[in-house]
Amino acid sequence: MPEETATTVRQTGRVDFAKAAPKAFKALISLDAAAREGLDPALVELVQIRSSQLNNCAYCLHMHTTDAHKAGESNERIALVGVWEEAGKGGFYTEREQAALALTEAVTLLPGGVPDEVYEWAARHFEERELAQLIALIFTINSWNRIAVTTRKVPGQG
């Protein structure tokens, strides 16, 4: 199948989630907005970028790298978020950001659960309400990633 035809099939061959399930879509938008409340917009984008990387969601990765730039993130920090542990040693990310990114990985991958040390690290850097917001943000971006990957959303479109 020629590449142009395959692209057309991907764009039209899967359900448009927003149109087909408008109540669920609107509920997820509301959850997303509620999850962001009280969190630093730049941190929100870093978390969403990392989750989207882990879930191989090009659509969300494109969206959140663009939004991260708008939130004031540097090209360097955006580019290095996939290797945040090593980059953190070089001072690219604060302890708080590293704790959030560690929690993002643990919740996204769920390798037998969220390890106590990861949860406790995040709990040391976020007040209880912020921690709950961060957890909600992580599972919300995971939901968006799964919708976009399943429906084969195309980066930069819609």
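Quick caveat, the model's predicted, so the values are computed rather than measured.

The feature "domain: Carboxymuconolactone decarboxylase-like" (unreviewed entry), as annotated in UniProt, sits at residues 22–105 in this numbering. Strand forms 0% of residues 22–105 and helix 77%; the C-alpha atoms that close the span are 29 Å apart.

Turning next to helix 10 (residues 128–150). Given a rise of 1.5 Å per residue, 23 residues ought to cover 33 Å, and the 33 Å separating the end C-alpha atoms of helix 10 matches this to within 8%. Positioned one or two residues after helix 10, Arg152 has a phi angle of 55°, which is positive.

Volume-wise, the largest pocket comes out at about 360 Å³. Residue lining of the largest pocket: 17 residues in total, with Phe25, Tyr59, Met63, Trp144 and Lys153 positioned closest to the centre. Contributions of two or more residues to the lining of the largest pocket are made by helix 2 (17–20), helix 3 (22–36), helix 5 (58–70) and helix 10. The residue inventory of the lining of the largest pocket, partitioned by class, reads ten nonpolar, three polar and four charged.

Contact pair helix 8 (residues 95–109) / helix 10: the axes reach a minimum separation of 10 Å and the direction vectors enclose 50°. On the basis of the axis angle, helix 8 is oblique to helix 10. In this structure, the crossing between helix 8 and helix 10 has a hand that is right-handed. Only Glu130, Leu131, Leu134, Ile135, Ile138, Asn142 and Arg146 of helix 10 make contact with helix 8, whose side of the interface consists of Arg96, Ala100, Leu103, Thr104, Val107 and Thr108.

This next bit is on the packing of helix 8 against helix 9 (residues 116–125). Packing of helix 8 against helix 9 brings their axes to within 9 Å, and their N-to-C directions diverge by 145°. When you trace helix 8 past helix 9, the crossing you get is left-handed. Across the interface between the two elements, Glu95, Arg96, Gln98, Ala99, Ala102, Leu103 and Ala106 from helix 8 touch Val118, Trp121, Ala122 and His125 from helix 9.

Turning next to unusual backbone geometry. One non-glycine residue with positive phi stands out, namely Asn56, at about 55°. One can find Asn56 in the loop between helix 4 (41–54) and helix 5. A positive phi angle, near 55°, is found at Arg152, a position not held by glycine. For Arg152, the location among the structural elements is in the segment after helix 10.

Applying the stated criterion to the full structure yields three aromatic pairs. Centroid distance Phe25 to Trp144: 5.5 Å. Interplanar angle 75°. Geometry classified as edge-to-face. In this pair, Phe25 sits in helix 3 while Trp144 sits in helix 10, placing the two residues 119 residues apart along the sequence. The class of Trp144 is buried, set by a relative accessible area of 16%. On the numbers, 6.2 Å between centres and 40° between planes, the contact of Trp84 with Trp121 is tilted. Of this pair, Trp84 sits in helix 7 (residues 84–89) while Trp121 sits in helix 9, placing them 37 residues apart in sequence.

On to the environment of Leu103. Among the secondary structure elements, Leu103 is positioned in helix 8. Taking C-alpha positions, Leu103 is 7.6 Å from Val114, a pair spaced eleven residues apart along the chain. Those residues within four positions of Leu103 in sequence are excluded, and the remaining contacts are Val114, Val118, Ala122, Leu131, Leu134, Ile135 and Ile138.

Criteria and cut-off values
Residues numbered from 1 in each chain as written. Predicted model: local features only at pLDDT ≥ 70, side-chain atom pairs only at ≥ 80, totals over all residues. Heavy atoms only, no water. UniProt positions renumbered as here; feature names shortened; annotations may be inferred. Helix = DSSP H or I, 4+ residues; strand = E, 2+ residues; numbered from the N terminus. Expected span 1.5 Å × (residues − 1). 1 Å grid on protein atoms, 1.4 Å probe; cavity = no way out; pocket = protein on both sides within 12 Å on 5 of 7 lines; lining within 4 Å. Points joined across faces, edges and corners; volume = space filled by probe spheres on them. Nonpolar A, V, L, I, M, F, W, Y, C, P; charged D, E, K, R; others polar. Axes fitted to C-alpha atoms, helices over the stretch in contact; angles between N-to-C directions. Parallel < 35°, antiparallel > 145°, perpendicular 65-115°, else oblique. Left-handed = near helix turned anticlockwise from the far one by under 90°. Contact = heavy atoms within 4.5 Å. Phe/Tyr/Trp six-rings, centres within 6.5 Å; stacked < 30°, edge-to-face > 60°. Buried < 20%, exposed > 50% of the residue type's maximum accessible area, 1.4 Å probe, protein only.

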